[in-house]
Amino acid sequence: MSVRARPTHCGLDAAVEVISGKWKVLVIWALRDRSRRFGELRRQVPGVSEKVLVQQLRELEADGIVLRRTYDEVPPRVEYSLTADGRALDEALKPLGAWGRERRPVHG
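The rules we used
- Residue indices follow the written sequence of each chain, beginning from 1 at its first position.
- Reporting in this predicted model follows two pLDDT cut-offs: at least 70 for local features of residues, and 80 or more for side-chain atom pairs to be given and counted; totals over whole chains, interfaces and linings ignore these cut-offs and use all residues.
- Just so you know, side-chain values use all the structure's heavy atoms and leave hydrogens and water out.
- Numbering of helices and strands starts at the N terminus; helices are DSSP runs of H or I of at least 4 residues and strands are runs of E of at least 2.
- Here's how the labels work: a residue is buried when its accessible area is under 20% of the maximum for its type, exposed when over 50%, partly exposed in between, all with a 1.4 Å probe on protein chains only.
- Contact criterion: two residues are considered in contact whenever any of their non-hydrogen atoms come within 4.5 Å of each other.
- Only the protein chains shown count as covering a residue, and every accessible area follows the Shrake-Rupley method with a 1.4 Å probe.
- Charged residues are defined here as Lys and Arg on the positive side and Asp and Glu on the negative side; His and the ends of the chain fall outside this count.
- For this purpose, a charge sits on NZ of Lys, CZ of Arg, CG of Asp or CD of Glu.
- Salt bridge, as used here, is a side-chain nitrogen of Lys or Arg placed within 4 Å of a carboxyl oxygen of Asp or Glu.
- A helix's residues, less one, multiplied by 1.5 Å, set its expected span.
- Fitting axes to the seven residues that end at a residue and to the seven that start at it, the angle between those axes gives the bend at that residue.
- A strand pair is defined by DSSP finding two or more bridges across the two strands.
- We call a set of buried Ala, Val, Leu, Ile, Met, Phe, Trp, Tyr and Cys residues a nonpolar core when their side-chain atoms join them within 4.5 Å.

**A word on the overall build of the protein**
In terms of helices and strands, the protein carries 5 helices and 3 strands. Each helix and strand of the protein, placed in order from N terminus to C terminus, yields the pattern α-α-β-α-α-β-β-α. Considering only C-alpha atoms, the protein reaches an extent of 45 × 45 × 25 Å along its principal axes. Residues classed as buried in the protein amount to 29% of the 108 residues present. A fraction of 46% describes how many contacts in the protein between residues 6 or more apart in sequence connect residues 24 or more apart. Carbon and sulfur atoms form 56% of the exposed surface of the protein, whose accessible area is close to 7,500 Å². A gap of 5 Å separates the mean positions of the 20 positive and 15 negative side-chain charges of the protein.

**With respect to the pattern of salt bridges**
A side chain of one charge can pair with a side chain of the opposite charge when the charged atoms of the two come close. Counted according to the given criterion, the structure contains 9 salt bridges. A salt bridge links Lys24 to Glu59; the nearest nitrogen and oxygen atoms lie 2.6 Å apart. Here Lys24 is found in helix H2 (residues 24-30), whereas its partner Glu59 is found in helix H4 (residues 50-62), with 35 residues between them in sequence. Take Glu59: its relative accessible area is 25%, and that puts it in the partly exposed class. Residue Glu50 is joined to Arg42 by a salt bridge in which the shortest nitrogen-to-oxygen separation is 3.7 Å. A single network of salt bridges, built from pairs that share partners, joins Arg34, Arg36 and Glu40.

**Considerations on helix H1 (residues 11-19)**
Quick reminder: α-helices carry 3.6 residues per turn. Residues three or four places apart thus point the same way. Among all positions in H1, only Asp13, Glu17, Val18 and Ile19 are buried. Check the buried side of H1 and you find it contacts H2, H4 and helix H5 (84-103). Where H1 ends, the next residue or the one after it, Gly21, has phi of about 120°, a positive value.

**Re H5**
Given a rise of 1.5 Å per residue, 20 residues ought to cover 28 Å, and the 30 Å separating the end C-alpha atoms of H5 matches this to within 8%. Leu93 marks where H5 bends most, by close to 30°; the proline Pro95 follows one to four residues later. Restricting attention to buried positions, one finds in H5 the residues Gly86, Leu89, Asp90 and Leu93. Those residues of H5 that are buried are in contact with H1, H2 and strand E3 (77-82).

**Side note on the side chain of Thr83**
Relative to the helices and strands, Thr83 is located in the loop between E3 and H5. When sequence neighbours within four positions are dropped, the list of residues in contact with Thr83 reads Gly64, Ile65, Val66 and Leu67.

**Describing the sheet that holds strand E1 (residues 36-37)**
Reading across the sheet, the 3 strands line up as E1-E3-E2 and stay open at both edges, with antiparallel pairing between neighbours. Where the open sheet ends on each side, the last strands, each with one partner, are E1 and strand E2 (66-71).

**Description of the nonpolar core**
Residues Ile28, Ile65 and Val66 are the most contacted members of the largest nonpolar core, which totals 19 residues. Those elements that provide at least two residues to this core are H1, H2, H4, E3 and H5. In this structure, Ile28 is in contact with Ile19, Leu60, Ile65, Leu82, Gly86, Leu89, Asp90 and Leu93, ignoring residues within four places of it in sequence.

What follows is the structure in structure tokens.
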């Protein structure tokens, strides 16, 4: 459940609240196949700053979409993956992605 205080008015409003932010959908997309370390995520989401990626990951973790796992190793290793809710959200976003691909301008 989201830790945000803003009340939502319907299911779609609640979903948009979770994925709001320029990079969150791309982070979910990058994690859809497997867990990734922070550096891998940064490469998968070109253009995002380290500060913003950290912020977006924290919000997704607080909303129960992303799991942050820290391994007790030297050097420390941290991996991010989708939770069950994150995988369900990814599935829900697939039709929206298909809709967007159909409407994307073709260059060439």
